[in-house]
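Understanding the architecture of this molecule
For reference, the chains in residue letters:
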Amino acid sequence: MTDSQPDVVVIGAGPAGLTAGLNLVRARRRVLMVDTNRPRHAPTLHSHGTLGLDGIPPLELRRLGREQFLAYDGAEHLTGRVTSVGARLEVSIEGLRGAADRTVRPRAVLVATGLSEQLPAVADLRAYYGTALHSCIECDAFEKTGKSVALIGSSDDLAERAREIAHWSPDLVVFTNGAEVVSADEEARLAARGITVEREPVVAIEGERATMTGVRLASGRVVAREAGFVVPTWVPQVGFLAGTDASRDASDRLIVDAGFRTSARGVYAAGDVISREPMQIAVAAGEGAVVARTIHRDLLDD
Ligand SMILES: Cc1cc2nc3c(=O)[nH]c(=O)nc-3n(C[C@H](O)[C@H](O)[C@H](O)COP(=O)(O)OP(=O)(O)OC[C@H]3O[C@@H](n4cnc5c(N)ncnc54)[C@H](O)[C@@H]3O)c2cc1C
């Protein structure tokens, strides 16, 4: 499928993009899937909570998805970065890893580029991220059951997250990292459940080799902890849509209708890049199936 134009360009080969791509090639659509190959959950060893695939390494899940997509006529995968989507659906692609740059003009564009994460600026946090430290409570709290756990963040919903995590791990300390985000009332309610709040800035994660042992505070005090959760800042990957009128919410995530259409004609979105919770593989993949049906049907009328 290199000479003719694709029907659909899918931007992002995560669970949303791969599921949409698979359903679209099965609907006999020509699909060009473009991916920078920077999966968000790459730091983790096992992903959980996906039917039939519980515990699968995330990179293995991608490899399988890509292989199944490429088994169909009309499927093409390109390692590249989409740099712009023009008002008339002109898609500019910067080729990566030796691939040539390309410009294509499909009939529909699916944005499935997910989010990037900015972790709190704490020394050695990244070394434990994906093993001892996680961000997705639904995905990883089960494995922390009964452990001494930290929750590090400065988001307004920190106390709510703490109550949720305590269901699995009652031995919980909340670190506000110097931010005024847990009110005195909330602190009292947490204390009633045995959860303490540390308000000092966090400077480092302590550990011995791969094993996390504690959280070091600005005063030098170390609070012993075996594992934990952090609240990153999530940044949607949508800069290439600047030339369209696709609407976004206050945190820049794309707003879609029930069929996953954005407000820009011919531009669809699914997966973590859209405005909704929770951020999980099964949710993103389900949206991929729904948006594929929407695109297929819309192209029948086009
Ligand atoms: C550490 C960690 C652990 C997790 N563990 C679990 C778990 O156990 N279970 C679970 O259900 N969920 C888990 N998640 C959440 C899960 O990874 C996401 O919900 C899911 O990957 C979202 O899928 P997506 O298709 O929307 O986006 P992504 O999987 O993020 O895929 C987006 C893709 O788009 C590409 N891309 C971005 N910009 C461009 C561009 N301009 N051009 C081309 N390509 C681009 C990226 O390289 C990426 O490959 C975890 C997340 C993290 C961070």
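Conventions used here
Residues numbered from 1 in each chain as written. Predicted model: local features only at pLDDT ≥ 70, side-chain atom pairs only at ≥ 80, totals over all residues. Heavy atoms only, no water. Domains from an automatic or database assignment. Salt bridge = Lys/Arg side-chain N within 4 Å of Asp/Glu carboxyl O. Polar contact = N/O pair within 3.5 Å; in protein donor to acceptor, adjacent residues only side chain to side chain. Nonpolar A, V, L, I, M, F, W, Y, C, P; charged D, E, K, R; others polar. Buried < 20%, exposed > 50% of the residue type's maximum accessible area, 1.4 Å probe, protein only. Helix = DSSP H or I, 4+ residues; strand = E, 2+ residues; numbered from the N terminus. Pairing = 2+ DSSP bridges. Right-handed = clockwise from strand over helix to strand, strands pointing away. Contact = heavy atoms within 4.5 Å. Near = heavy atom within 4 Å. Areas by Shrake-Rupley, 256 points an atom, 1.4 Å probe, with all protein chains shown as cover.

1. What to know about the domain arrangement of the protein
Split into domains, the protein comes out as domain 1 (8–117 + 233–301) and domain 2 (120–230). Each of domain 1 and domain 2 was reduced to a C-alpha centroid, and the two centroids are 32 Å apart. Here domain 1 is connected to domain 2 by 0 salt bridges. Where domain 1 meets domain 2, there are 3 residue pairs in polar contact (both at pLDDT 80 or more). Considering only residue class, the side of domain 1 that touches domain 2 consists of 5 nonpolar, 3 polar and 1 charged.

2. A closer look at the pairing of strand β2 (residues 31–35)
Within β2, 5 of the 5 residues are buried, which leaves it mostly tucked inside the rest of the structure. Covered by surrounding structure in β2 are V31, M33 and D35 together with L32 and V34, the residues of both alternating faces. In the sheet, strand β1 (residues 8–11) pairs with β2 via 4 bridges, with the strands oriented parallel. When the sheet's bridge partners are listed, V10 is paired in β2 with M33. Viewed along the sheet, the connection from β1 through helix α1 (residues 15–26) into β2 turns out right-handed. Sheet analysis places β2 next to strand β3 (residues 75–85), joined by 5 bridges and oriented parallel. Within β3, the position partnered with D35 by the bridge is T79.

3. So, the environment of V238
Here V238 shows up in the loop between β16 (233–236) and β17 (267–269). A C-alpha to C-alpha distance of 7.9 Å links V238 and V273, two positions 35 residues apart in sequence.

4. Some details on the side chain of R276
In this fold, R276 is placed in the loop between β17 and α7 (281–301). A polar side-chain atom of R276 sits 3.3 Å from a polar atom in the side chain of D272. Setting aside anything within four residues of it in sequence, one finds R276 in contact with R253, G271, V283, A284 and E287.

5. Digging into the site of the ligand
Not every one of the 34 residues close to the ligand is listed here, only the nearest: D35, T36, H48, R62 and D272. Interatomic distance of 2.6 Å between a side-chain N/O atom of T36 and an oxygen atom of the ligand. Expressed as a share of its isolated accessible area of 1,000 Å², the protein-covered part of the ligand is 98%. For the shell around the ligand, the secondary-structure elements that each account for two or more residues are α1, β2, β3 and α7. In terms of residues, the shell around the ligand owes the most to one element, β3, which gives 3 residues. When its residues are assigned to classes, the shell around the ligand shows 13 nonpolar, 14 polar and 7 charged.

6. Remarks on the side chain of E76
Tracing the sequence through the fold places E76 in strand β3. Look at E76 and you get buried, because its relative accessible area is 12%.

7. Considerations on the sheet that holds strand β10 (residues 172–175)
Within a beta sheet, neighbouring strands are joined by backbone hydrogen bonds and run either parallel or antiparallel to one another. Judged by pairing direction, the sheet is parallel, and its 5 strands sit side by side in the order β8-β15-β9-β10-β11 without closing on themselves. Where the open sheet ends on each side, the last strands, each with one partner, are β8 (133–134) and β11 (196–198). Judged from the 4 bridges that link them, strand β9 (residues 149–152) and β10 form a sheet pairing that is parallel. Of the residues in β10, the one forming a bridge with L151 is V174.

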